[in-house]
Amino acid sequence: MEFPEGLKYSKEHEWVLVEGSTATIGITEYAEEELGDIVYVELPEVGEKIVKDDPFGAVESVKAVSDVYAPVSGTVLEINDVLPDNPETINDDPYGDGWMIRVELSDMDDLKDLMDEEEYSEYVAQQKDEDDDEEEDEDESDEEEEEDEEDKDKDKEK
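Every chain's residues receive numbers from 1 upward, in the order its sequence appears when written. Residues qualify for local features only when their pLDDT is at least 70, as the model is predicted, and side-chain atom pairs are given and counted only at 80 or more; totals for whole chains, interfaces and linings, by contrast, use all residues. Each side-chain value is derived from all of the structure's non-hydrogen atoms; neither hydrogens nor water enter the calculation.

### Structural notes on the layout of surface pockets
- Lining residues are defined by having an atom within 4 Å of a point belonging to a cavity or pocket. Those points lie on a 1 Å grid over the protein atoms alone, cavities being sets where a 1.4 Å probe fits but cannot get out and pockets being open sets with protein on both sides within 12 Å along at least five of seven lines. Grid points are joined across faces, edges and corners, and a volume is the space filled by probe spheres set on the points. Size it by volume and the largest pocket reaches roughly 170 Å³.
- Lining the largest pocket are 13 residues, and of these Glu12, His13, Ala31, Ser66 and Asp67 lie nearest its centre.
- Strands are runs of DSSP state E lasting at least 2 residues, helices are runs of H or I lasting at least 4, and numbering of each runs from the N terminus. Broken down by secondary-structure element, the contributors of at least two residues to the lining of the largest pocket are helix H1 (29-35) and strand E7 (65-69).

Below, the structure is given as structure tokens:
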């Protein structure tokens, strides 16, 4: 899984490319892989103000609908016009052609709360470990339920 250098990353799995006072925002490869095939993208309007940590759009996949959270605050300068008709572009190229919006940053301090690629890579590894632990817990509870069923069947036979 790729986490390009030079980008900033949020805990909600958005990436930010900062050029002067402009930020380009998209979702990470981890996010698009978790979502699966993306079939619909909802983006804000140009001129709209987005607020750090608030949803600014949504991504719908074959699995789920997920809000996309603003990693920074600012005013939308541009949206990726390709995405409404070709949402799968996010799956194909999340850090390139799959960018979502460009904003004029209203507070450069917002960037201090974001992670670099090394920190984000560690964060994703922790997320995967937690997901694996949850799956193991589900498997164990399924096995316990099956054992309980077997015990009930044996009791009925007596």
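Moving on, there is more to tell.
### Observations concerning the packing of aromatic side chains
- Only the six-membered ring of Trp is used, alongside the rings of Phe and Tyr, when aromatic pairs are assigned; centres must lie within 6.5 Å, and planes under 30 degrees apart are stacked while those over 60 apart are edge-to-face, with the rest tilted. Per the stated rule, a full pass over the model turns up five aromatic pairs.
- Ring geometry for tyrosine 9 against tyrosine 120: centres 4.6 Å apart, planes inclined by 10°, an arrangement best described as stacked. With tyrosine 9 in strand E1 (residues 8-9) and tyrosine 120 in helix H3 (residues 117-157), this pair connects stretches of sequence that are 111 residues apart. Exposure class is identical for tyrosine 9 and tyrosine 120. Each is buried.
- Through successive ring pairs, a cluster of aromatic residues spans Phe3, Tyr9, Tyr120 and Tyr123. Classification of residues uses two cut-offs on accessible area relative to the type maximum, computed with a 1.4 Å probe and protein chains only: under 20% is buried, over 50% is exposed, and between them is partly exposed.

### Here we look at a nonpolar patch on the surface
- Taken together, the side chains of Val39, Tyr40 and Val62 make up a nonpolar region of the molecular surface, amounting to roughly 290 Å² of accessible area.
- Relative to the helices and strands, valine 39 is located in strand E4 (residues 38-42). The patches described consist of residues with a relative accessible area above 30% and no salt bridge, like charges being joined within 9 Å and nonpolar side chains (Val, Leu, Ile, Met, Phe, Trp, Tyr) within 5 Å. Note on areas: Shrake-Rupley with a 1.4 Å probe; residue coverage comes only from the protein chains shown. Just to be clear on terms, a salt bridge is a Lys or Arg side-chain nitrogen sitting within 4 Å of an Asp or Glu carboxyl oxygen.

### Points about the pattern of salt bridges
- This structure, assessed with the given rule, holds four salt bridges.
- The salt bridge partner of aspartate 53 is lysine 52, with a shortest N-O separation of 3.4 Å.
- For aspartate 53, a relative accessible area of 45% corresponds to the partly exposed category.
- In the salt-bridge network here, residues are joined through shared partners; they are Lys52, Asp53 and Asp113.

### A closer look at the sheet that holds strand E6 (residues 55-61)
- One open sheet holds the three strands; their spatial order is E4-E6-E7, and the pairing between them is antiparallel. Lying at the two open borders of the sheet, with one neighbouring strand each, are E4 and E7. Sheet twist, expressed as the mean angle between neighbouring strand axes with direction ignored, is 25°.
- Strands qualify as paired when DSSP identifies two bridges or more between them. Where E6 meets E7, five bridges bridge the pair, whose relative direction is antiparallel. Bridged to proline 55 within E7 is tyrosine 69. Here an axis means a line fitted to C-alpha atoms, over the contact stretch when the element is a helix, while the angle between two N-to-C directions is reported on a 0 to 180 degree scale.

### A look at the side chain of asparagine 91
- Of note, asparagine 91 is situated in helix H2 (residues 89-92).
- What makes asparagine 91 buried here is its relative accessible area of 18%.
- In this structure the side chain of asparagine 91 is engaged in a polar contact, spanning 2.9 Å, whose partner is the backbone oxygen of glycine 36.
- Among the polar contacts listed, one links the side chain of asparagine 91 to the backbone nitrogen of isoleucine 38, at a separation of 2.8 Å.
- In what follows, a contact means two residues having at least one pair of non-hydrogen atoms within 4.5 Å. With residues up to four places along the chain from it excluded, the contact list for asparagine 91 reads Glu32, Gly36, Asp37 and Ile38. Here a polar contact means two N or O atoms within 3.5 Å. Within protein one must be a hydrogen donor candidate and the other an acceptor candidate, and residues neighboring in sequence count only if both atoms are side-chain atoms.

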